[in-house]
Amino acid sequence: MKILTPTVKGIITGLIMIAVSITVYYFEALNEKFLAPLSYLIYIAGIVWTLVAFSNQEVLKSLKTYFSQGFKCFIMVTFLMVIYNIIFIKLSPSIIEENAQQTREELIKLGTKTQSEIDTIVLQSKEYYTTIVTSVAIFWYLAIGSITTLVASFILLNKPRKKAL
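Residues numbered from 1 in each chain as written. Predicted model: local features only at pLDDT ≥ 70, side-chain atom pairs only at ≥ 80, totals over all residues. Heavy atoms only, no water.

Digging into the packing of aromatic side chains
Phase 1: Scanning the entire structure with this criterion turns up eight aromatic pairs.
Phase 2: When the centroid spacing of 5.5 Å and the interplanar angle of 45° are considered together, the rings of Tyr40 and Tyr141 count as tilted. Remark: Tyr141 occurs in helix α5 (residues 115–157) and Tyr40 occurs in helix α2 (residues 35–55); sequence separation between them is 101 residues.
Phase 3: Classification of Tyr40 as partly exposed rests on a relative accessible area of 23%.
Phase 4: Taken together through their ring pairs, the aromatic side chains of Tyr40, Tyr43 and Tyr141 make up a single cluster. (Phe/Tyr/Trp six-rings, centres within 6.5 Å; stacked < 30°, edge-to-face > 60°. Helix = DSSP H or I, 4+ residues; strand = E, 2+ residues; numbered from the N terminus. Buried < 20%, exposed > 50% of the residue type's maximum accessible area, 1.4 Å probe, protein only.)

Laid out in structure tokens, this is it:
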């Protein structure tokens, strides 16, 4: 029985990404601007790990089979990261307030909105913050997961095979 399935690798990858995110945020271990690239690097590494392990198996391989393996990994990461983002935002309401204040300051600098329009926009940004952040996260995780899976699959499908003696 195979323990490290693509789904399990996705769970491991997602948990590592969450641990890194918590470490960076709460302990300020790194500058937060490095969080997204570091998370995506871990994400890509998890997908590649899944596909390389699959390439070493003695099974019929095609783009479809590779993509299926990668999908099982990146869909779990996406699921875990979306759940994490929602919980993180709900537990840290100051993030919503900081975003609302930044939105207000940017709108005031632009000078194209009245005070009541600014208040309405800021109120809406608070109300929809979690939905917007979650939607953007889903889009990027699925896009990067799909692209990484396709690129790695093409590379692995076209790598020279070792010939038996």
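Considering the packing of helix α3 (residues 63–91) against α5
Phase 1: Running from amino to carboxyl end, α3 crosses α5 at an angle of 155°, the nearest separation of the two axes being 9 Å. Taken together, the axes of α3 and α5 lie roughly antiparallel to each other. Considering only the axes of α3 and α5, their crossing is right-handed.
Phase 2: Partitioned by chemical class, the residues of the contact of α3 with α5 number 19 nonpolar, nine polar and one charged. (Axes fitted to C-alpha atoms, helices over the stretch in contact; angles between N-to-C directions. Parallel < 35°, antiparallel > 145°, perpendicular 65-115°, else oblique. Left-handed = near helix turned anticlockwise from the far one by under 90°. Nonpolar A, V, L, I, M, F, W, Y, C, P; charged D, E, K, R; others polar.)

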